[in-house]
Amino acid sequence: MFKDRKDAGQKLAVALQIYRKDDPLVFAIPRGGVELGYEVSKALNADFSLLICRKLPYPFNTESGFGAMAEDGSLYINELAAASVSSKDIEQIITQQSLEIKRRIQTLRRGRPLPLIKGRTVILVDDGIAMGSTMHVAVELCRKKGAGKIIVAVPVASRQAIQKFSQMADEVVVLESPINFHAVAQVYENWYDVSDEEVLAFV
């Protein structure tokens, strides 16, 4: 159990100390992953930036999604999860999320481009993995840009997600994987939606 995102980030940083020697690049996935990524980068004395990804939400239930896209256009659609969504709706949702990605690059990353990824050890940090769609496209983006090594690092993830990312990434660091895992929030005492303003305090 973690008190809050700061506590989770500090504990994650301890588990990631072995990568300090690699001069890693820490990417946080906004908005939930930003405070954790900040704590990790501070502890590792590492470069820090935001990698913008967006879930593709169901039109009838925006809390849940059927895939994700990254800022370079990398797209992941879970065919099974998307079976109930029409092609027209999928196109519309992709367009909407593309606009939101552009807004977040301008607002949260202040319009700055991604740092150079080629050849570097990249640590991808989020506050947890449930479905794993956004982390999927984040890994894809880093692969396409020639990362030397990709480490997926989160405080909590499902067993299925750990198995999946063990195959996709070079290494996976997860602090907790509860048997009855149903939501990332369950391992946090203080859980809330993070605002743009809070993100900007860390970048």
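Preceding block: the structure.
Quick caveat: nothing in here was measured; it's all calculated off a predicted structure.

What the three strands build is an open sheet, ordered β3-β4-β5; its pairing is antiparallel. Edge positions in the sheet fall to β3 (53-58) and β5 (75-77), since each of these pairs with one other strand and no more. Direction aside, neighbouring strands of the sheet carry axes that sit 45° apart on average. Relative to β5, strand β4 (residues 61-70) runs antiparallel, the two being bridged by three bridges. The partner of G67 across the bridge, within β5, is I77. Across the sheet, helix α4 (residues 133-144) touches β3, β4 and β5, and the angle it forms with β4 is around 10°.

Before going further, it helps to spend a moment on the pairing of strand β7 (residues 149-156). Most of β7 sits inside the fold, with seven of its eight residues counted as buried. Inspection of the sheet shows strand β6 (residues 121-125) paired to β7 by five bridges, in the parallel sense. Looking at the pairing, L124 lines up with V152 of β7. Between β6 and its parallel partner β7, the chain crosses via α4, and the hand of that crossover is right-handed. With helix α5 (residues 159-168) bridging β7 and the parallel strand β8 (residues 171-176), this β-α-β connection has right-handed handedness.

Next up on the list: the pairing of strand β2 (residues 47-50). Sheet topology places strand β1 (residues 25-28) next to β2; four bridges connect them, and they run parallel. Bridged to A28 within β2 is L50. Where the polypeptide runs from β1 across helix α2 (residues 34-44) and back to β2, its parallel neighbour, the crossover connection is right-handed.

This next bit is on the sheet that holds β8. Here five strands make up an open sheet; going across it, the order is β2-β1-β6-β7-β8 and the pairing parallel. One side of each edge strand has no neighbouring strand; the edge strands of this open sheet are β2 and β8. Mean inter-strand twist for the sheet, computed between neighbouring axes without regard to direction, equals 20°. Pairing of β1 with β6 involves four bridges; the strand directions are parallel. What sits directly across from V26, in β6, is I123. Here helix α1 (residues 5-15) sits on the sheet in contact with β6, β7 and β8, set at roughly 135° to β8. Helix-sheet contacts for α4 involve β1, β6 and β7, and the interaxial angle to β7 is about 160°.

This brings us to the side chain of E39. For E39, the position within the fold is in helix α2. In this structure, E39 is in contact with K6, G9, Q10 and A13, ignoring residues within four places of it in sequence.

Looking now at the pattern of salt bridges. Under the definition given, this model contains 13 salt bridges. Across the pair R5 and D127 runs a salt bridge, and its minimum N-O distance is 3.1 Å. Pair noted here: R5 is in helix α1 and D127 is in the loop between β6 and α4, with a separation of 122 residues, a long-range link. Overall, R5 belongs to the buried group, its relative accessible area being 5%. One salt bridge in this structure joins K149 and E171, with 3.5 Å as the shortest N-O distance. Pair noted here: K149 is in strand β7 and E171 is in strand β8, with a separation of 22 residues, a long-range link. A relative accessible area of 28% places E171 in the partly exposed class.

Calculation notes
Residues numbered from 1 in each chain as written. Predicted model: local features only at pLDDT ≥ 70, side-chain atom pairs only at ≥ 80, totals over all residues. Heavy atoms only, no water. Pairing = 2+ DSSP bridges. Helix = DSSP H or I, 4+ residues; strand = E, 2+ residues; numbered from the N terminus. Axes fitted to C-alpha atoms, helices over the stretch in contact; angles between N-to-C directions. Contact = heavy atoms within 4.5 Å. Buried < 20%, exposed > 50% of the residue type's maximum accessible area, 1.4 Å probe, protein only. Right-handed = clockwise from strand over helix to strand, strands pointing away. Salt bridge = Lys/Arg side-chain N within 4 Å of Asp/Glu carboxyl O.

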